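Chain residues, written in single-letter form:
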Amino acid sequence: QVQLVESGGGLVQAGGSLRLSCAASGSFFRVNAMGWYRQAPGKQRELVAGITSDGGRNYADSVKGRFTISRDNVKYTVYLQMNSLKPEDTAVYYCHVIIPRVGGRQYEYWGQGTQVTVSS
């Protein structure tokens, strides 16, 4: 069993910053890829940022230069530092992890979601 607990969402003004955290716990030895997705009302879920086990990063074009993803492999936690926030960043943000299991099969897990609202 794996549980993801998100925190850090909230209401901020345009230009402000937030730092999201997602901590994984349960019966596993390591975590492969970790990432953040978001979904705004009436829109499709999109990948915001991802990070591989060796630290490789990728970002959606809309957040490049403003958001930074990082991870702590001791605490099994992924972070998303969001700067220069815009109203269009308003969405529910979900963390996502991929964990290898015995036999080589990989499983994906999702956080409960945290609301980020950016006012103009």
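The structure under discussion appears in the preceding block.
Residues numbered from 1 in each chain as written. Predicted model: local features only at pLDDT ≥ 70, side-chain atom pairs only at ≥ 80, totals over all residues. Heavy atoms only, no water.

Student: Provide a residue-level description of the overall build of the protein chain, including the pertinent values.
Tutor: Within the protein chain, the regular secondary structure consists of 0 helices and 11 strands. For the protein chain, the sequential pattern of α-helices and β-strands runs β-β-β-β-β-β-β-β-β-β-β. A compact globule built from 120 residues should have a C-alpha radius of gyration of about 14 Å, and the protein chain, at 14 Å, falls within 12% of that. Considering only C-alpha atoms, the protein chain reaches an extent of 50 × 25 × 25 Å along its principal axes. Of all 120 residues assigned to the protein chain, the portion counted as buried reaches 40%. In the protein chain, once contacts between residues fewer than 6 apart in sequence are set aside, the share between residues at least 24 apart is 53%. Taken as two groups, the 13 positive and 8 negative side-chain charges of the protein chain have centres that lie 4 Å from each other. (Helix = DSSP H or I, 4+ residues; strand = E, 2+ residues; numbered from the N terminus. Rg over C-alpha atoms; globule rule 2.2 N^0.38 Å. Buried < 20%, exposed > 50% of the residue type's maximum accessible area, 1.4 Å probe, protein only. Contact = heavy atoms within 4.5 Å. Lys, Arg positive; Asp, Glu negative; His and termini not counted. Charge placed at Lys NZ, Arg CZ, Asp CG, Glu CD.)

Student: I'd like a rundown of unusual backbone geometry, residues and numbers included.
Tutor: Phi at Tyr76 takes a positive value of approximately 55°, unusual for a residue other than glycine. Although it is not a glycine, Ser84 sits at a positive phi angle of roughly 50°. Note that Ser84 resides in the loop between β8 (77–82) and β9 (91–100).

Student: Hey, could you go over the environment of Ser119 for me, with residue numbers and the actual values?
Tutor: Inspection of the secondary structure puts Ser119 in strand β11 (residues 114–119). For Ser119, a relative accessible area of 31% gives the class partly exposed. In the structure, Ser119 is positioned 31 residues away from Glu88 in sequence and 9.3 Å away in space, judged by C-alpha atoms. The residues touching Ser119, leaving out its near neighbours within four places in the chain, are Leu11, Val12, Gln13 and Ala14.

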